[in-house]
Amino acid sequence: RLSETLAITELQHHGRSPSTLESVMGKFSKRDSSEIIQPVRSVVPIQQHSGFLGVMPAYLTAEGILCTKMVAFYQRAEGSSLPSTQATVLLFHPEHGNVTAIMDGEAITAKRTAAVSAISAKLFKPALSEVLCILGSGQQARSHYDVFTKLFKFKEVRLWSRRKEMAQRFVNDLQDPVTVCSSVKEAVIGADVIVTATGASQPILFGEWVKPGAHIAAVGACRPDWRELDDVLMREAVVYVDSREGATAESGDIILSGAEVFAELGEVINGSFPAQHEKTTVFKSLGMGIQDAVSAKLVLEKWNSEY
Ligand SMILES: NC(=O)c1ccc[n+]([C@@H]2O[C@H](COP(=O)([O-])OP(=O)(O)OC[C@H]3O[C@@H](n4cnc5c(N)ncnc54)[C@H](O)[C@@H]3O)[C@@H](O)[C@H]2O)c1
Ligand SMILES: O=C(O)[C@@H]1CCCCN1
C-alpha cells in the first residue's frame, strides 16, 4: 500500500505550475485517439445499498501509461467508520499488458480531485477572491481545504456540514481559523469561491445565495439523478466540465437542469474557449481515468526513486 503522503506531496506540487494534470486534460479535449483513450466510466449501480461500482480505464500514449481505477462509492450514514469512496488503481505495462503496480486509490482520488478543482479555481475565480466556502466535511472537503489554502490566499474560510459537530471536528484538526456556519446560506453569502463536496442527492446550494462572479467547484452529485446545485445556479452560471461525455451521462445537475455546457476545462487550457472569470462560473467535476493515471504514475515514480 503506497502512502498517502506520496500522493499529497506530488499532487499539491503539480497543482502549482502547469502540471501533468493540466496537460493531459488539455490533450483529452483535443479528442485525438492516438494520444489518449478514455471511455466514459462504466458504472454498476447497487441501488439496494445506495452505492455504485465504477471502472475507469485510460491509455495515454506519449506518457506511456495504461491504467484503470476501480471505485466504489456508497452513501454512508453520518459518522460511519467506512469511507464513502473506496478505490484501487492498477497500472499495466503498455507494451506487454502485465500489471506493474496495484495501489490504494483513496488518497489518489481525494488529492487528484482537489488538484483539478484548484486548476478550475485558478482559471475561473474572481480576480479578488477573499472568502472560501466549503460545503461538506468529508475526505474531499479536507483535500480541497488543504490544496486551496496552500495555493491561494483567502482572508476567510467558512465550512458547513449537515451535522455541525462534524464541521467542528474538521476545524479542530486545523491550525488556521475556519468559521463553522450553521446553514449553507450563511456559509455561501458573499463567498468568492465555493466548493461543494457532499453526498447530497438533492440541491443544497441555491443560485439566489451566490455572489455574482463567484466560482463554484462542484465535486459531488455524480449520478444522473443526484443534485447539489439548483436550476437557477446551473442556468445562470457559465458551466465548465471535465468531460462533456461524462457530464452528459452522469451529472444530475446538468441533465436535470437542462443547463448548457460552455466548455471543458481542457478546452480552456488549450485556449479554444475563454475562462469567463468575471461571470459566475460552475466547474462540474465528475472525475476522469486520466487524472488517476497520471497521479498513479507520479506515485509509482516517487516510490521507485525512494525504495
Ligand atoms: N468529482 C470527482 O472526481 C469526485 C471524486 C471523489 C468523490 N466525489 C464525490 O464527492 C462527494 C464527497 O465525497 P467524499 O469522499 O468526501 O465523501 P465523505 O463521505 O467523506 O463526505 C461526504 C460529506 O457529505 C456530507 N453529506 C452526505 N450526505 C449529505 C446530504 N444529503 N446533504 C448534505 N451533506 C451530505 C457528509 O456529511 C460529509 O460531510 C461525493 O458526492 C462523491 O461522490 C467526486
Ligand atoms: O472520479 C472518481 O473517482 C469519483 C469516484 C466517486 C464518485 C465520483 N467520481
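Residues numbered from 1 in each chain as written. Chains lettered and ligands numbered in written order. Predicted model: local features only at pLDDT ≥ 70, side-chain atom pairs only at ≥ 80, totals over all residues. Heavy atoms only, no water.

**A few points about the site of ligand 1**
Lining the immediate environment of ligand 1, one finds 26 residues, of which Ser 84, Ser 137, Gln 140, Thr 198 and Ser 285 sit closest. For ligand 1, an oxygen atom lies 3.0 Å from a polar atom in the side chain of Glu 78. Within the backbone of Gln 140, one N or O atom sits 2.8 Å away from an oxygen atom of ligand 1. Here ligand 1 has 850 Å² of accessible area as a free molecule, and 86% of this is covered by the chains. Put simply, ligand 1 lies in the largest pocket. Mapped by element, the contributors of at least two residues to the shell around ligand 1 are α3 (106-124) and α4 (139-151). (Near = heavy atom within 4 Å. Polar contact = N/O pair within 3.5 Å; in protein donor to acceptor, adjacent residues only side chain to side chain. Areas by Shrake-Rupley, 256 points an atom, 1.4 Å probe, with all protein chains shown as cover. 1 Å grid on protein atoms, 1.4 Å probe; cavity = no way out; pocket = protein on both sides within 12 Å on 5 of 7 lines; lining within 4 Å. Sits in = over half its atoms within 2 Å of the grid points. Helix = DSSP H or I, 4+ residues; strand = E, 2+ residues; numbered from the N terminus.)

**Brief notes about the pairing of strand β5 (residues 85-92)**
For strand β4 (residues 65-74) and β5, the ladder comprises eight bridges, and the chain directions are antiparallel. Along β5, the bridge assignment pairs Met 70 with Thr 88. Direction of pairing for β5 relative to strand β6 (residues 99-104): antiparallel, over a ladder of five bridges. From the neighbouring strand, Thr 88 faces β6, where its bridge partner is Asp 104. What sits between the antiparallel neighbours β5 and β6 is a turn of six residues, in which Gly 97 has the positive phi angle 85°. (Pairing = 2+ DSSP bridges.)

**Thoughts on the domain arrangement of the chain**
Domain assignment breaks the chain into domain 1 (3-108 + 290-306) and domain 2 (113-287). Its C-alpha centre places domain 1 at a distance of 21 Å from the equivalent point of domain 2. At the interface, 30 residues of domain 1 touch 33 residues of domain 2. Summed over both sides, the interface between domain 1 and domain 2 buries roughly 2,700 Å², with carbon and sulfur atoms accounting for 54% of that surface. Inspection of the region where domain 1 meets domain 2 yields five salt bridges. Of all the secondary structure elements, the ones that give two or more residues to the side of domain 1 that touches domain 2 are α1 (4-16), α2 (20-28), β2 (42-46), β3 (51-60) and α3. Sort the elements by how many residues they give to the side of domain 1 that touches domain 2 and α2 lands first, with six residues. Taken together, the residues of the side of domain 1 that touches domain 2 break down into twelve nonpolar, nine polar and nine charged. (Domains from an automatic or database assignment. Contact = heavy atoms within 4.5 Å. Buried area = accessible area lost by both parts, 1.4 Å probe. Salt bridge = Lys/Arg side-chain N within 4 Å of Asp/Glu carboxyl O. Nonpolar A, V, L, I, M, F, W, Y, C, P; charged D, E, K, R; others polar.)

**Side note on the site of ligand 2**
Near ligand 2, the surroundings consist of Arg 41, Phe 52, Met 56, Lys 69, Val 71, Phe 73, Thr 109, Arg 112, Cys 222, Leu 286 and Gly 287. One of the side-chain nitrogen or oxygen atoms of Arg 112 is found 2.9 Å away from an oxygen atom of ligand 2. Across the complex, the protein chains shield 91% of the 260 Å² of accessible surface that ligand 2 would expose by itself. Spatially, ligand 2 is embedded in the largest pocket. Elements represented by at least two residues in the shell around ligand 2 include exactly β3, β4 and α3. The element contributing the most residues to the shell around ligand 2 is β4, with three residues. Broken down by class, the residue content of the shell around ligand 2 amounts to six nonpolar, two polar and three charged. Looking at which domains feed residues into the shell around ligand 2, each of domain 1 (3-108 + 290-306) and domain 2 (113-287) gives three or more.

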